[in-house]
Amino acid sequence: MRIVVIAALVLTTTGMSADPGLVEAVSEPNVFAHVQDLAEIGKLHGNRAVGTAGYEASAQYVESVLRAAGYQVTSQTFTLPHYREVTPAVLTTASGPVSAVTFVYSPSGRASGPAQDVGTGCRLSDWAGFRRGSIAVAGRGECSFKVKADWAGRAGAGALIVVNSKPGELRGSLGAPGAKLPVVGVAPEAEIEGQVTVETNTTSSTKVTRNVIAQTAQGDPDDVLVLGAHLDSVEAGPGINDNGSGVAVVLEIAEQMARMRPQRAVRFAFWGAEEVGLVGSTHYVKGLSPQDKAKIAGYVNLDMVATKNHANGIYDSDNAIETAAWEFYQRRGLPAEEVAFDGRSDYGPFMKAGIPSGGIFTGAEDIKTLDQAQKYGGVGNQSYDPCYHKLCDTIENVNRQVLDVSGDAVAHIVERLAFSGSPVR
Ligand SMILES: [Zn+2]
């Protein structure tokens, strides 16, 4: 009986409180501990890029932290094409080497055989007399490069060479991974005769990756604040300021909020494949029904929030997210400034879908001005983050003071927006 009374009392006070204490609850050592764990994963795997073991380890880490805090965690898997040319194409003919360009999404391979002309290679009749194992030589035009490649594959060609109809080497794309044979482009004057050898060296595949998502059990599920950070790094390095820092802040907020009673439900999102074109967040937003979309009051994005040579950037989003961020820095007596709200991170798809978005950002590869150095300290005429997208974006690249302030700033924004039902617009 007594327990019931206390529970009811707690519910009432927190429900009515203007200050639920999220800023007080969020602690830098907790946030930093997550950054360290992600840095260990980065060290072990070299990077945490989409489609790698380092990304999967990061996703499993986030899941385990959320589950331990009592959340039901969901994964949203999606696929994306991946292509990279490892070394340039090599094309040799009886009369010597010919300059050729690998088509995007051409597989790796090496094939030798007699060159055989197939016209444009778009029609069955073009391939009527084709001898299997020959190297098909097709003119540009009449159908897509993919259609030509499909015909060549069915006809048993060892490789396909597409000849440009305009001046210059032909650069083309097959649109997606999955072609069966090497495909290269050449200039119109290229002489492809006799015995030829085509060699391509690429990685072309379809990657499967995922977003990781959890939501507070408390708060109105029809009126949700989404808090998100991209979980993947670039291939060049472990991505600890970009974006282990943002991930760590979201995790700490989620852990602290597991015990709180917000008015709005808060959804925590860890996006995959941001670094290759906002793929995870785009996939997520595209998958929302109009009803799902209408239930999202706003989206707060964190992408780099512990920059070494920092500035306190607030996305210039002209809404309640920006207002709450300004309020935080002003109350702390800290300088801050608007930064471009241009869709360069995962808020882009939300913005395009008309969902009020915003967030904070402490600087990437751009140069800090001398004025900013006066304002924030640090070094002017130097990059905010000299390790941006590099191997050195490790635990050493994290500014703990900035991480501390950013964690509090996000907590303040969430307090303002999730513990009241006022519009985010
Ligand atoms: Zn980033």
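Residues numbered from 1 in each chain as written. Predicted model: local features only at pLDDT ≥ 70, side-chain atom pairs only at ≥ 80, totals over all residues. Heavy atoms only, no water.

Visitor: Describe the coordination of the zinc ion, and please don't skip the residues or the numbers.
Guide: Ideal geometry at a metal centre gives angles of 109.5 degrees when four donors are arranged tetrahedrally and 90 or 180 degrees when six donors are arranged octahedrally. Those donors, His 230 (NE2), Asp 242 (OD), Asp 303 (OD) and Asp 303 (OD), are the protein atoms that reach the zinc ion, and they lie 2.0 to 2.7 Å from it. Donor residues for the zinc ion sit on one chain with the sequence pattern H-x11-D-x60-D. Separated by 73 residues along the polypeptide, His 230 in strand 9 (residues 220-230) and Asp 303 in the loop between strand 11 (296-302) and strand 12 (313-315) bring together distant segments of the chain. For His 230, a relative accessible area of 0% translates into the label buried. (Donors = N, O, S within 2.8 Å, 3.2 Å for Na, K, Ca; no water. Helix = DSSP H or I, 4+ residues; strand = E, 2+ residues; numbered from the N terminus. Buried < 20%, exposed > 50% of the residue type's maximum accessible area, 1.4 Å probe, protein only.)

Visitor: So what's going on with the state of the cysteines? Residues and values would help.
Guide: Among covalent bonds in proteins, the disulfide is the one between the sulfur atoms of two cysteines. Evaluation of the coordinates by the stated rule reveals 2 disulfides. With its sulfur 2.0 Å from that of its partner, Cys 122 forms a disulfide with Cys 143. Handedness here is read from the sign of the S-S torsion; for Cys 122 and Cys 143, about -85 degrees, the answer is left-handed. Highlighted residues: Cys 122 in the loop between strand 4 (109-117) and strand 5 (135-139) and Cys 143 in the loop between strand 5 and helix 5 (145-154), separated in sequence by 21 residues. With relative accessibility at 12%, the residue Cys 122 sits in the buried group. Disulfide pairing is shown between Cys 387 and Cys 392; the S-S distance is 2.1 Å. Negative torsions about the S-S bond denote left-handed disulfides, and the value of about -115 degrees found for Cys 387 with Cys 392 makes this one left-handed. Sequence-ordered numbering of the disulfide-bonded cysteines in the chain gives the connectivity 1-2, 3-4. (Disulfide = S-S within 2.5 Å.)

Visitor: Could you give an account of the packing of aromatic side chains, with specific residues and numbers?
Guide: The final tally for this structure, using the stated rule, is 14 aromatic pairs. Measuring from ring centre to ring centre gives 5.2 Å for Phe 328 and Tyr 329, while their planes differ by 80 degrees; the resulting arrangement is edge-to-face. Comparing Phe 328 with Tyr 329, the two get one shared label, buried. We note Arg 154 situated over the ring of Trp 151; from NZ or CZ to the ring centre the distance is 4.6 Å. When the ring centre of Phe 32 is taken as reference, the NZ or CZ atom of Arg 400 above it lies at 3.8 Å. (Phe/Tyr/Trp six-rings, centres within 6.5 Å; stacked < 30°, edge-to-face > 60°. Lys NZ or Arg CZ within 6 Å of the ring centre and 35° of its normal.)

Visitor: So what's going on with the pattern of salt bridges? Which residues, and what values?
Guide: Under the defined criterion, the tally for this structure stands at 16 salt bridges. The partner of Arg 110 in a salt bridge is Glu 199, with the nearest N and O atoms 3.5 Å apart. With Arg 110 in strand 4 and Glu 199 in strand 8 (residues 195-215), this residue pair connects regions lying 89 residues apart in the sequence. A residue is classified by how much of its surface remains accessible, and Arg 110, at 58% relative accessible area, is exposed. For Glu 199, a relative accessible area of 33% translates into the label partly exposed. Between Arg 171 and Glu 169 there is a salt bridge whose closest N-O contact spans 3.7 Å. Here the salt bridges do not stand alone but share partners, grouping Glu 56, Glu 63 and Arg 210 into one network. (Salt bridge = Lys/Arg side-chain N within 4 Å of Asp/Glu carboxyl O.)

Visitor: Mind laying out the domain arrangement of the chain, listing which residues take part and the relevant values?
Guide: Domain boundaries assigned for the chain yield domain 1 (5-71 + 216-418) and domain 2 (83-204). Placing a centre on the C-alpha atoms of domain 1 and another on those of domain 2 gives a separation of 46 Å. (Domains from an automatic or database assignment.)

Visitor: Provide a residue-level description of helix 5, including the pertinent values.
Guide: All buried positions along helix 5 are accounted for by Phe 145, Lys 148, Ala 149, Trp 151 and Ala 152. Axial view of helix 5: buried residues confined to an arc of 160 degrees, hence all on one face. (Arc of directions from axis to C-beta.)

Visitor: How would you sum up the nonpolar core? Please name residues and give values.
Guide: Ranked by size, the top nonpolar core spans 63 residues in total, and within it Leu 66, Leu 227, Ile 253, Met 257, Phe 268 and Phe 270 carry the most contacts. Non-local contacts of Phe 268, meaning those with residues more than four positions away in its chain, are made with Tyr 71, Val 212, Ile 213, Ala 214, Thr 216, Leu 227, Val 250, Ile 253, Ala 254 and Met 257. Formed by 20 residues, the second largest nonpolar core is a distinct cluster that contains Ile 213, Val 224, Ala 269 and Tyr 299. (Core = buried A, V, L, I, M, F, W, Y, C linked by side-chain atoms within 4.5 Å. Contact = heavy atoms within 4.5 Å.)

Visitor: Tell me about the confidence of the model for the chain, residues and numbers included.
Guide: Taken over all residues, the pLDDT of the chain has a mean of 94, while the share at 70 or more is 95%. Low pLDDT, under 50, characterises residues 1-19; the predicted model gives this stretch 4 contacts beyond four residues in sequence or across chains. (pLDDT = per-residue confidence, 0-100.)

Visitor: Describe in detail helix 12 (residues 400-418), supporting the description with residues and values.
Guide: Helix length check: helix 12 (19 residues) gives 26 Å between terminal C-alpha atoms against 27 Å at 1.5 Å per residue, within 8%. For helix 12, the tally of buried residues reaches 15 of 19 residues, placing the bulk of the element in the interior. A side-chain oxygen of the first residue of helix 12 lies 3.2 Å from the backbone nitrogen of Gln 401; this N-cap is Asn 399. (Expected span 1.5 Å × (residues − 1). Polar contact = N/O pair within 3.5 Å; in protein donor to acceptor, adjacent residues only side chain to side chain.)

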